[in-house]
Amino acid sequence: MPKNTNIKSVLIIGSGPIIIGQACEFDYSGSQAIRSLKEEGIEVVLINSNPATIMTDPSLADHVYLKPLTTKSIVQILKLHPNIDAVLPTMGGQTALNLCIEAQDRGIWDDFDVRLIGVDIDAINITEDREQFRKLMIEIGVGQAPSATAASFLQGKEIAQKFGFPLVIRPSFTLGGFGASIVYEKEDFNNLLRRGLEASPIHEVIIDKALLGWKEYELELLRDQNDNVVIICTIENMDPMGIHTGDSITVAPAMTLSDTTFQRMRDMAIHMMRSIGDFAGGCNVQFAVSPDENEDIIAIEINPRVSRSSALASKATGYPIAKIASKLAIGYNLDELNNQITKTTSALFEPTLDYVIVKIPRWNFDKFEGSDRTVGLQMKSVGEVMGIGRSFQEALHKATQSLEIKRNGLGADGKGEKSYDVIIEKLKNPSWDRVFVIYDAIQMGIPLSRIYEITKIDMWFLKQYEELLALETEISKYELGTLTYELLLEAKQKGFADRQIAHMLGCWESEIYKRREELGIHRVYKLVDTCAAEFDAQTPYYYSTFENRMTTTEGSYADNESVVSNKKKVVVLGSGPNRIGQGIEFDYCCVHGVLAAKEAGYETIMINCNPETVSTDFDTADKLYFEPVFWEHIYDIIRHEKPEGVIVQLGGQTALKLAEKLDKYGIKIIGTSFEALDLAEDRKRFSELLVDLKIPFPKYGTATTADEASEIADKLDFPILVRPSYVLGGQGMKIVINKEELEKHVVDLLRKIPNNMLLLDHYLDGAIEAEADAICDGEDVYIIGIMEHIEPCGVHSGDSNATLPPFNIGEFVMQQIKDHTKKIALALKTVGLINIQFAIKDDTVYIIEANPRASRTVPFISKAYKEPYVNYATKIMLGENKLKDFNFNPKLNGFAIKQPVFSFNKFPNVDKRLGPEMKSTGESILFIDSLKDDDFYELYSRRKMYLTK
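Residues numbered from 1 in each chain as written. Predicted model: local features only at pLDDT ≥ 70, side-chain atom pairs only at ≥ 80, totals over all residues. Heavy atoms only, no water.

Novice: Would you mind showing me how to read the overall build of the chain here?
Specialist: In terms of regular secondary structure, the chain is built from 31 helices and 35 strands. What you see for the chain is a C-alpha radius of gyration of 27 Å, in line with the 30 Å of a compact globule of 949 residues. Overall size of the chain, expressed as C-alpha extent along the three principal axes, is 75 × 75 × 65 Å. Per-residue burial for the chain yields a buried fraction of 65% across its 949 residues. Nonlocal contacts in the chain, meaning residues at least 24 apart in sequence, comprise 70% of its contacts between residues at least 6 apart. (Helix = DSSP H or I, 4+ residues; strand = E, 2+ residues; numbered from the N terminus. Rg over C-alpha atoms; globule rule 2.2 N^0.38 Å. Buried < 20%, exposed > 50% of the residue type's maximum accessible area, 1.4 Å probe, protein only. Contact = heavy atoms within 4.5 Å.)

Novice: Please clarify how the side chain of Asn 801 should be interpreted in this entry.
Specialist: Checked against the element boundaries, Asn 801 lands in the loop between strand E30 (781–792) and strand E31 (802–804). Overall, the relative accessible area of 6% leaves Asn 801 in the buried class. Residues contacting Asn 801, with those up to four places away along its chain left out, are Glu 788, His 789, Ile 790, Glu 791, Ile 897, Lys 898, Gln 899, Pro 900 and Leu 939.

Novice: Sorry if this is basic, but what is going on with helix H30 (residues 869–877) here?
Specialist: Structural remark: α-helix, 3.6 residues per turn; residues separated by three or four positions point the same way. Counting buried residues along H30, nine of its nine residues qualify, which places the element largely inside the surrounding structure. For H30, the set of buried residues is Tyr 869, Val 870, Asn 871, Tyr 872, Ala 873, Thr 874, Lys 875, Ile 876 and Met 877. Of the surrounding secondary structure, the elements contacted by the buried residues of H30 are helix H20 (584–599), strand E24 (645–647), strand E29 (768–777), E30, strand E32 (831–841) and helix H29 (858–865). The first or second residue beyond H30 is Gly 879, which carries a positive phi of 80°.

Novice: Hey, could you run me through the pattern of salt bridges in this one?
Specialist: Where charged atoms of side chains with opposite charge meet at close range, the side chains can pair. For the structure shown, the criterion picks out 53 salt bridges. Residues Glu 849 and Arg 723 are paired through a salt bridge, measuring 3.0 Å at the closest nitrogen-oxygen approach. One end of the pair, Glu 849, is in strand E33 (residues 844–851); the other, Arg 723, is in strand E26 (residues 720–724), with 126 residues separating them in the sequence. The partly exposed category is assigned to Glu 849, whose relative accessible area is 21%. The class for Arg 723 is buried, based on a relative accessible area of 4%. Each of Arg 35, Glu 39, Glu 40, Lys 323, Lys 327, Asp 617 and Asp 619 takes part in salt bridges that share partners, so that together they form one network. (Salt bridge = Lys/Arg side-chain N within 4 Å of Asp/Glu carboxyl O.)

Novice: Honestly, the packing of helix H17 (residues 485–493) against helix H19 (residues 509–519) in this entry has me stumped. Any pointers?
Specialist: Each pair of packed helices can be summarised by the angle the axes make with each other and by the distance between the axes. Interhelical geometry of H17 versus H19 gives an angle of 115° and a closest axis separation of 11 Å. The crossing of H17 and H19 is left-handed. Between H17, through Tyr 485, Leu 488 and Lys 492, and H19, the contact on the second element is made entirely by Ile 512, Arg 515, Arg 516 and Leu 519. Of the residues that constitute the contact of H17 with H19, the class distribution is four nonpolar, no polar and three charged. (Axes fitted to C-alpha atoms, helices over the stretch in contact; angles between N-to-C directions. Left-handed = near helix turned anticlockwise from the far one by under 90°. Nonpolar A, V, L, I, M, F, W, Y, C, P; charged D, E, K, R; others polar.)

Novice: What am I meant to see in unusual backbone geometry here?
Specialist: Across the chain, the bulk of peptide bonds are trans and the bulk of non-glycine residues have phi less than zero. Across the junction of Phe 165 and Pro 166, the peptide omega takes the value 0°, indicating a cis bond. Its location among the elements puts Pro 166 in the loop between helix H7 (153–163) and strand E7 (167–171). Cis geometry is adopted by the peptide bond preceding Pro 805, which originates at Leu 804 and carries an omega value of -10°. For Pro 805, the position within the fold is in the loop between E31 and helix H28 (811–827). Positive phi, close to 50°, is recorded for Ala 412, a residue that is not glycine. Topologically, Ala 412 is positioned in the loop between helix H12 (392–402) and helix H13 (420–428). With a phi angle near 55°, Lys 829 is a residue other than glycine that sits in the positive phi range. By the element assignment, Lys 829 lies in the loop between H28 and E32. Taking relative accessible area as the criterion, Lys 829 reaches 63% and is therefore assigned exposed.

Novice: Hey, could you run me through the pairing of E30 in this one?
Specialist: Side-chain positions along a regular strand alternate between the two faces of the sheet. The element E30 is largely enclosed, with a buried count of eleven among its twelve residues. Bridging between E29 and E30 involves eight bridges; their strand directions are antiparallel. Across the sheet, Cys 776 pairs through a bridge with Val 781, a residue of E30. Linking E29 to E30, which pair antiparallel, is a turn of three residues; within it Gly 778 sits at a positive phi near 95°. Here E30 pairs with E31 via two bridges, running antiparallel. Bridging from a neighbouring strand, Glu 788 pairs with Thr 803 of E31. (Pairing = 2+ DSSP bridges.)

Novice: Before we go on, may I ask you to explain the nonpolar core in this structure?
Specialist: When a protein is soluble and globular, its nonpolar side chains tend to lie buried together. One finds Ile 12, Ile 501, Leu 573 and Val 648 to be the most contacted residues of the largest nonpolar core, which totals 171 residues. Not counting residues up to four positions away in its chain, the partners in contact with Ile 12 are Ala 33, Ile 34, Leu 37, Val 44, Val 45, Leu 46, Ile 47, Met 55 and Leu 88. (Core = buried A, V, L, I, M, F, W, Y, C linked by side-chain atoms within 4.5 Å.)

Novice: Honestly, a negative patch on the surface in this entry has me stumped. Any pointers?
Specialist: On the surface, Asp 707, Glu 708, Glu 711, Glu 740 and Glu 743 cluster together to form a negatively charged patch. Residue contributions to the negative patch peak at three residues, all from helix H26 (residues 706–716). With respect to the helices and strands, the residue Glu 708 is situated in helix H26. (Patch = residues over 30% accessible without salt bridge, like charges linked within 9 Å, V, L, I, M, F, W, Y side chains within 5 Å. Areas by Shrake-Rupley, 256 points an atom, 1.4 Å probe, with all protein chains shown as cover. Lys, Arg positive; Asp, Glu negative; His and termini not counted. Charge placed at Lys NZ, Arg CZ, Asp CG, Glu CD.)

Novice: Explanation requested: the layout of surface pockets in the structure shown.
Specialist: Rolled over the atoms, a probe sized like a water molecule indicates the empty space that remains. The computed volume of the second largest pocket comes to approximately 920 Å³. Lining the second largest pocket are 38 residues; nearest its centre among them are Ile 182, Tyr 184, Thr 374, Val 375 and Gly 376. Counting only elements with at least two residues in the lining of the second largest pocket, the list comes to strand E8 (181–183), helix H8 (186–199), H13 and helix H15 (448–455). Sort the elements by how many residues they give to the lining of the second largest pocket and H8 lands first, with four residues. Counted by class, the lining of the second largest pocket contains 17 nonpolar, twelve polar and nine charged residues. (1 Å grid on protein atoms, 1.4 Å probe; cavity = no way out; pocket = protein on both sides within 12 Å on 5 of 7 lines; lining within 4 Å. Points joined across faces, edges and corners; volume = space filled by probe spheres on them.)

Novice: Teacher, can you tell me more about the environment of Arg 308 here?
Specialist: Its place among the elements puts Arg 308 in helix H10 (residues 308–317). Owing to a relative accessible area of 13%, Arg 308 belongs among the buried residues under this scheme. Apart from the residues within four sequence positions on either side, Arg 308 is in contact with Gly 21, Glu 25, Phe 26, His 244, Thr 245, Gly 246, Met 379 and Glu 384.

Novice: Where do I start with the sheet that holds strand E5 (residues 115–116) in this structure?
Specialist: Within a sheet, neighbouring strands are paired by backbone hydrogen bonds and run either parallel or antiparallel to one another. With parallel pairing, five strands are arranged side by side in an open sheet as E3-E2-E1-E4-E5. Each edge of the sheet is formed by a strand with only one pairing partner; in this case those strands are strand E3 (63–65) and E5. As judged from the two bridges shared by strand E4 (residues 86–88) and E5, these two strands associate in the parallel manner. Along E5, the bridge assignment pairs Ala 86 with Arg 115.

Novice: Can you help me understand the sheet that holds strand E35 (residues 922–928) in this one?
Specialist: The seven strands are arranged E33-E32-E29-E30-E31-E34-E35 in an open sheet whose pairing can be described as antiparallel. Sheet topology places E33 and E35 at the edges, where each strand pairs with a single neighbour. Ignoring which end each strand starts from, the neighbouring axes of this sheet average 25° apart.

Novice: What is the right way to look at the packing of aromatic side chains in this model?
Specialist: In this description, a pair of aromatic rings is defined by centroid distance and the angle of the planes. According to the stated counting rule, one finds 25 aromatic pairs in the structure shown. When the ring of Phe 365 is compared with that of Phe 907, the centres are 6.1 Å apart and the planes differ by 85°; the resulting orientation is edge-to-face. Residue Phe 365 is located in the loop between strand E15 (356–362) and strand E16 (383–389), and its partner Phe 907 is located in the loop between strand E34 (895–901) and E35; the two are separated by 542 residues in the primary sequence. Residue Phe 365 shares its accessibility class with Phe 907, and that shared class is buried. (Phe/Tyr/Trp six-rings, centres within 6.5 Å; stacked < 30°, edge-to-face > 60°.)

See below:
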């Protein structure tokens, strides 16, 4: 059946600010849905409160409402747009579904004659109410763990008495496993039951007999109105049951599942999807499988919406689930749609993979001092990375290289754990670094059988690790000159980085690179094509690998599927995994940079490894390399593509950190030079520049030891702000008030970040903090926005409520901010974006720091003023335009406030006070007409409440 022609206008509900458990995967799916519906000539109205995303960009939906996600906002929008025919709530995670249900309960959809598409309310209710779901599964013959529902403390106690321990407590209607826990001991039950009942909005929990040690799988499905169902991807969790899927290392396709069990699981998933309701769209089903020969299957849950896993499955297979799900929601059938990658085969064909993908979560425990660093049923990761390789080993190595935690891959970097007791403890209580600790355990000689007994990670995965260690041991016997072609090729095929091989041989990374060149071991690039190369793919989406050379009559070569064009090209370096301090706002900047470079006539090449984002969508850039933002991979792509240059200032600290290498290797950095970027980071040189410019800054000193720090403290006066160089999101920053605190913090910092230059500033107590973003073309400066922080100086800018324009800064101070911004931007020879942060005390404006790159606040200012600032800045970087070519016309009535959002509920025992180190995971935007607004008054009255040192 073709599309429903009665649907002319659709309301899409977004997911709001990013929190742990609901991240930018919904920006990706929401953006795809908007584009998919607009392709069909349908008007799209969007509500979402997140200013940092591409989804809320005015270029996407026809009408964007940056409003709080409430039924009040929904009613306001429906009154403004009486022509809205339908609502699509499946692209905005649990937040959108919950809001949709609330609107249904209040009769709002009926009042405005709006129909629900992509899902139905009954399906949501069945899947969210665990008791209903359990009963339905038993009715249709799908296995369930012994479980019961408790709506009171007393009922919970009775269930525990009946089942015995260990048990799993899962609250109903929560997100990211919030409030869920495994109870091993009777003594812990009361406390964890109480926590679960409080976490559930309906004060209900389901208590399951724990299936600890069972294997966990996920299936991604799509169904149309004709009841055609396709399985897009089967994902296996390397971690067994007991760890939230968002915190699990996952692998696609499934590696240890027998074909007969897969067929049973597949039939069950389809049966489950059909049984929960009659709807067209996407669905995610999770199963547990017993680790014995029986391979018993038990259904864990089903989510009738696109999910975190569907973003991963889309990137893993090249099949854009959200895009197709949106078409199905408006009436199309799968056999009427084309595969978006091949453009010639049907969307009804199921993807086939001839490669392996590995996803590893990215945690930020260092931001939450005192937090429990073990992983379990409640999700704690803030982002994720994905590696693509021809083998599990290669993909695993690529994923570990993408994490940006100062590891070069598994092992062979001198950073492995050496303590037997620590290793056993981390295996017993799953830790964030268990992916590395398994390697350390094997290296220490702990038998695989013992590791399996503790972790219940399938023996197949453990043997893959063992093979990697055996290869490392073998290579370590050689020297650079004697290392054979066969061994080096095998190491590269298994994903070992040049740095790791150099570590094994005791030489430099550059020497390994040279040896590879001599032996003719080169990376080749393969297409992600959804069909294992059975059909030609039209979409250039690549991953790298190493192949044995084929010998033909024409000579010896390895097959490279990435064909280089003669067009002028530019590479945009992505921002890698999301984490606190570097989130989705940099993906927004990268996407706009790519689009601007396209408009300027460049072929655009995107390099990134984050599966959740719009930048890694298969049709954002002209060419996508889904690769680690890791020097070796980037250098090989640049040598292959030979671009005009590389844009580093849009990808946050991830891309910026590679500027020095690019400069050293003679690769052109588009926009601001490495020299200027480095000058801004080098506090000593930057302060000398400020002295020359006659711009004030707090008294400071630099130290590399605790003794030096103590000497500097004598000159500066306490309180002192201590911070390491070249870090992100205020990592390691702290305000200290005496020598004892100073020594303790400096020693701790130098242990965590050896050889770092520490900056010590006199902290301007009671100062007002402000920041400015500007665009500079080397000759002129245009300030795109000046924001005043509601919180006092000392709270990290990412954790502050920031108002645009300022609300309490006089003209004299504003003029100083403008003058300082222009002077610094020109003195640094900035070409592109720059962000400068200020402390204001006694009507004097002091410089805290300058960052000649895109900042966290650029998307916020762009949305508030309705101006495409990243587009303009990119064209200036490329030399296509000067500032005078643009007609700036910002539009904002009243004030816009950037409001940070925190995920402290994932870390119940952590100090929630705010300080110089950033802790927020996302942000929302609030528009107010005047400072008399109640919301502003409340924010202002609480401004000092959370300030800590």
